[in-house]
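Structural overview
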Amino acid sequence: MAELRKARIATASLAGCFGCHMAILDIDERLMELMKLVEVDRSPLTDIKRFTKRCDIGIIEGGCCNEENVHVLRDFRRNCDVLISIGQCAIMGGLPAMRNAIMHSDAPLRECLEEAYITGRYIRNTTHDIPNDPALPLLLDEVYPCSDVVEIDYQIPGCAPTGDVIYETLAGLLAGKFHGFDRMHIKFD
Amino acid sequence: MTDQDITFTIDGVAITAKPGQTIMEAADDAGVYIPRLCDHEGLRHQGGCRVCTVKANGRSVAACTQPAAPGQTVENETPHINKLRRDLVEMLFHEGNHLCPICEASGNCELQAMAYRLEMGEPTKFPYLEPSRALDASHHDIALDTNRCISCGRCIRASKDVDGKGVFGYVGRGIHRRVAVNGEDLAHTDADASDHAMSDEVCPVGCIIRKRVGFATPIGEREFDKGLIGYEIEGKRRG
Ligand code: SF4
Ligand code: SF4
Ligand code: SF4
Ligand code: FES
């Protein structure tokens, strides 16, 4: 009998706050159970920066606010069989998407950056510059939900989702028994 | 039950209505929950949001305004109707700016709770309109974050009919119809924190905010963390 291989999981944080990654750790002692079933490939948790192998499940925190986010997201789609958006930022843009609604002028991005770095009432920026180091990824015109950029297979709502919901979703998917969320577990906060 | 009482069914359950009761009022008394957003106990019915749509003898009607009729067959919780309701609720999310993680109504919000009840956890299929809307923090005790207003008109009816004031009113027409204050801003109206219109039960969402109480109850311990919206009405039936 062929030995069952462990499922490979990869994770990434795009325009998110890392809260959803912290929530993954909220699985607590059940992480031990989970680690019997999976190995973690590319992820901030392992500090592996590139895919070493094709993965079964990719987990994305955060939406896309810059070109690097888009690049990483596409890389995940190419390398993962199942792609999951975790948290409101990945699902609908979340807090970074606040800038979408205030940007209705002719030069919205400039206006947003000027307020954030120069003209805002509580700013103390002695150089009066907007950061423009060439190493910084270019900002997108808006913040996009992951599902606007690539096809997403599952979304785990919450900000952040509870460890319980994350565990149950992953365990369900690994066992081929995930049938959506109990209504009491859908939360946007 | 009296001679004049009306009997009809909702999803096969026999319901008794008093003469003049709407389908929703009779359902509430019987412990059958029909989703709603613009209707609120103690306020005039408006029939605006259509989230309460049911099929009465096969015809779509608003349960909050439609009188109960003898022998009527009403469908409420069917996959088809719930899909229509979910689309309506989803459109309300896309029409305004609803960032639940930073909203102090989160957990107490009827719009959000309706999304949970109708299982709106999936990818959103409509474009976000992302309108540019104002925040009015002029009043000492109350703030208005119109990004979250769903134009349900509950505040208008509460202010006019209960408070005898008229702090709020509709402006504009069609898709541009919005709720606005009758004055330059809220501070220039006779709004008071003790008005029924400003109580936490009237605005279903996080638009009318009473200042300095926002996070007194933490996220996770709020009204709809206790149960799906409608649980109190449904609880009557289970006994
Ligand atoms: S959903 Fe919430 S917890 Fe997750 S990354 Fe966004 S802000 Fe952070
Ligand atoms: S009003 Fe309700 S739906 Fe809108 S952001 Fe607040 S909690 Fe979410
Ligand atoms: S402010 Fe609140 S109560 Fe008034 S119309 Fe808007 S959502 Fe309804
Ligand atoms: S609750 Fe009946 S139309 Fe809004």
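Residues numbered from 1 in each chain as written. Chains lettered and ligands numbered in written order. Predicted model: local features only at pLDDT ≥ 70, side-chain atom pairs only at ≥ 80, totals over all residues. Heavy atoms only, no water.

1. Some thoughts on the overall build of chain B
The secondary structure content of chain B amounts to five helices and 10 strands. Taken over the C-alpha trace, chain B has a radius of gyration of 18 Å; the compact-globule value for 239 residues is 18 Å, and the two agree within 12%. Dimensions along the principal axes, computed over C-alpha positions, put chain B at roughly 55 × 45 × 35 Å. Long-range pairs, those at least 24 residues apart, make up 63% of the contacts in chain B between residues at least 6 apart in sequence. When the accessible area of chain B is evaluated, it comes to approximately 11,400 Å², of which 51% is carbon and sulfur surface. If you average the places of the 28 positive and of the 35 negative side-chain charges in chain B, the two averages end up 4 Å apart. (Helix = DSSP H or I, 4+ residues; strand = E, 2+ residues; numbered from the N terminus. Rg over C-alpha atoms; globule rule 2.2 N^0.38 Å. Contact = heavy atoms within 4.5 Å. Areas by Shrake-Rupley, 256 points an atom, 1.4 Å probe, with all protein chains shown as cover. Lys, Arg positive; Asp, Glu negative; His and termini not counted. Charge placed at Lys NZ, Arg CZ, Asp CG, Glu CD.)

2. Let's talk about the pattern of salt bridges
Counted by the stated rule, this structure contains 23 salt bridges over all chains. In this structure, the salt-bridge partner of A:Lys187 is B:Asp225, at a minimum N-O distance of 3.2 Å. Of this pair, A:Lys187 sits in the segment after helix 7 (163–174) while B:Asp225 sits in the loop between strand 10 (208–210) and helix 5 (231–238), placing the two residues on different chains. For B:Arg44, the salt bridge goes to B:Asp161, with nearest N and O atoms at 2.7 Å. One end of the pair, B:Arg44, is in the loop between helix 1 (23–30) and strand 3 (53–56); the other, B:Asp161, is in helix 4 (residues 154–162), with 117 residues separating them in the sequence. Salt bridges linked by common partners bring A:Arg42, A:Asp75 and A:Arg78 together as one network. (Salt bridge = Lys/Arg side-chain N within 4 Å of Asp/Glu carboxyl O.)

3. What about the domain arrangement of chain B?
Residues and elements named next belong to chain B. When the domains of chain B are assigned, the result is domain 1 (6–75) and domain 2 (84–225). Spacing between the C-alpha centres of domain 1 and domain 2 amounts to 25 Å. Facing the 18 residues of domain 1 at the interface are 21 residues of domain 2. Of the roughly 1,600 Å² buried where domain 1 meets domain 2, counting both sides, 57% is carbon and sulfur surface. Looking only at domain 1, the three residues that lose the most surface to domain 2 are Leu37, Leu43 and Arg44, adding up to 39% of its buried area. Where domain 1 packs against domain 2, one counts one salt bridge. Where domain 1 packs against domain 2, one counts 11 residue pairs in polar contact (both at pLDDT 80 or more). (Domains from an automatic or database assignment. Buried area = accessible area lost by both parts, 1.4 Å probe. Polar contact = N/O pair within 3.5 Å; in protein donor to acceptor, adjacent residues only side chain to side chain.)

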